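Now for the letters of each chain:
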Amino acid sequence: MSVKSDLGQRLVQTLAEIAETARRAGRDPADVGLVAVSKFHPAASVAEVHGAGQSAFGESYVQEALGKMAELAALPLSWHLVGGLQSNKAKHVAGRFALIHSLDSGKLARALSRALTERAGTQDVLIQVNLAGEEQKSGVAEDQAKALAEEVLGLPGLNLTGLMVLPPYDPDPEISRPYFVRLRQLRDRLARELGQPLAHLSMGMSGDFAPAIEEGATLVRVGTRIFGERPEGGG
Ligand SMILES: *Cc1c(COP(=O)(O)O)cnc(C)c1O
């Protein structure tokens, strides 16, 4: 496909790098999905990137996500919620996203499940694990992940498909690698102990998707690399 738009070129370049990294790591590029994170960028930019072939988009904030979903309802897009979610917003999001990456408490899981039961819906979710124990960040502590996974598996409507991590920011991607290794090891252990595949590892962003793919990411969440710097005030 010939891609004329600037954002489209950036998408194509990013997809090529993802595929090349996967191949170098001995993985099938088809096993690494791209979620294009469009937070703080307008619906028109999402449409432009979609025009170059991308259909999965990620948002961090519920109101912003629902707004763009409505604006772009005519396009065949799938939306991922990658930002922290409060349980009082559960009813607005349950069943509306292809995947919620940021489930991090029993309270939120129960609120989502209740909303799903009312509308007979289902929702794929990942548990976000706060491996660095950063106070300001979402995510369940590593030693609480199994208990939360067990609770989620017992709740109607929720389909637990894996884990997500957002390591502390560092300009050196190699600093992120040990977190990616730990998330994969945690996933392997939980999958075994719970008898669930937990197929997805959501890890890697613009600056560190290469080590994430090398360590087993099945979904990378890339914003800036595709959309450019976020406008002033943006995350
Ligand atoms: C903003 C965000 C991203 C994308 O970050 P970039 O560095 O712009 O690629 C990925 N994941 C989460 C959870 C985010 O909030």
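What counts, and where the lines are drawn
- Residues numbered from 1 in each chain as written.
- Predicted model: local features only at pLDDT ≥ 70, side-chain atom pairs only at ≥ 80, totals over all residues.
- Heavy atoms only, no water.
- Buried < 20%, exposed > 50% of the residue type's maximum accessible area, 1.4 Å probe, protein only.
- Helix = DSSP H or I, 4+ residues; strand = E, 2+ residues; numbered from the N terminus.
- Pairing = 2+ DSSP bridges.
- Right-handed = clockwise from strand over helix to strand, strands pointing away.
- Phe/Tyr/Trp six-rings, centres within 6.5 Å; stacked < 30°, edge-to-face > 60°.
- Near = heavy atom within 4 Å.
- Polar contact = N/O pair within 3.5 Å; in protein donor to acceptor, adjacent residues only side chain to side chain.
- Areas by Shrake-Rupley, 256 points an atom, 1.4 Å probe, with all protein chains shown as cover.
- Nonpolar A, V, L, I, M, F, W, Y, C, P; charged D, E, K, R; others polar.
- Axes fitted to C-alpha atoms, helices over the stretch in contact; angles between N-to-C directions.
- Parallel < 35°, antiparallel > 145°, perpendicular 65-115°, else oblique.
- Left-handed = near helix turned anticlockwise from the far one by under 90°.
- Contact = heavy atoms within 4.5 Å.
- Core = buried A, V, L, I, M, F, W, Y, C linked by side-chain atoms within 4.5 Å.

## Description of the pairing of strand 4 (residues 99–103)
Right, so step 1: Burial within strand 4 is extensive, with 5 of its 5 residues counted as buried.
Right, so step 2: Sheet topology note: the strand 3 (residues 78–81)/strand 4 ladder contains 2 bridges and is parallel. Looking at strand 4, one finds that His-80 is bridged to Leu-99.
Right, so step 3: Where strand 4 lies against strand 5 (residues 123–128), 2 bridges are found, and the strand directions are parallel. Each residue of the ladder has a partner; that of Ile-100, found in strand 5, is Val-125.
Right, so step 4: Each parallel crossover has a hand, and the one from strand 4 via helix 5 (residues 106–118) to strand 5 is right-handed.

## Section: the packing of aromatic side chains
Right, so step 1: Applying the stated rule across the entire model yields 3 aromatic pairs.
Right, so step 2: A ring pair is formed by Phe-40 and Tyr-61, whose centres lie 5.7 Å apart and whose planes are at 55 degrees; its orientation type is tilted. Within this pair, whereas Phe-40 is found in the loop between strand 1 (33–37) and helix 2 (43–51), its partner Tyr-61 is found in the loop between strand 2 (56–59) and helix 3 (62–71), the two being separated by 21 residues in sequence.
Right, so step 3: Residue Phe-40 is classed as partly exposed on the basis of its relative accessible area, which comes to 29%.
Right, so step 4: In this structure Tyr-61 comes out as partly exposed when scored by relative accessible area, which is 43%.

## A short note on the site of the ligand
Right, so step 1: Surrounding the ligand, one finds Val-37, Lys-39, Ser-60, Val-82, Met-205, Ser-206, Arg-221, Val-222, Gly-223, Thr-224 and Arg-230.
Right, so step 2: Within the side chain of Lys-39, one N or O atom sits 2.6 Å away from an oxygen atom of the ligand.
Right, so step 3: Contact between the ligand and Arg-221: a nitrogen atom at 2.9 Å from a side-chain N or O atom of the residue.
Right, so step 4: Taken by itself the ligand offers 390 Å² of open surface, and the protein chains cover 89% of this.
Right, so step 5: Looking at the shell around the ligand, its residues break down into 4 nonpolar, 4 polar and 3 charged.

## A short note on the packing of helix 6 (residues 145–153) against helix 7 (residues 177–194)
Right, so step 1: Where helix 6 meets helix 7, the axes come as close as 11 Å, and the angle between the chain directions of the two elements is 50 degrees. It follows that helix 6 is oblique to helix 7 by the angle criterion. The chirality of how helix 6 crosses helix 7 is right-handed. Contacts between helix 6 and helix 7 involve Ala-145, Lys-146, Ala-149, Glu-150 and Leu-153 on the former and, on the latter, Leu-186, Leu-190, Glu-193 and Leu-194.
Right, so step 2: In the contact of helix 6 with helix 7, the residues fall into 6 nonpolar, no polar and 3 charged.

## Focus: the nonpolar core
Right, so step 1: Counting 66 residues, the largest nonpolar core has Leu-112, Ile-127, Val-152 and Val-220 as the members making the most contacts within it.
Right, so step 2: For this core, the element with the highest residue contribution is helix 7, accounting for 7 residues.
Right, so step 3: Ignoring anything within four residues of it in the chain, the contact list for Val-152 reads Leu-103, Ala-109, Val-125, Ile-127, Leu-158 and Leu-160.

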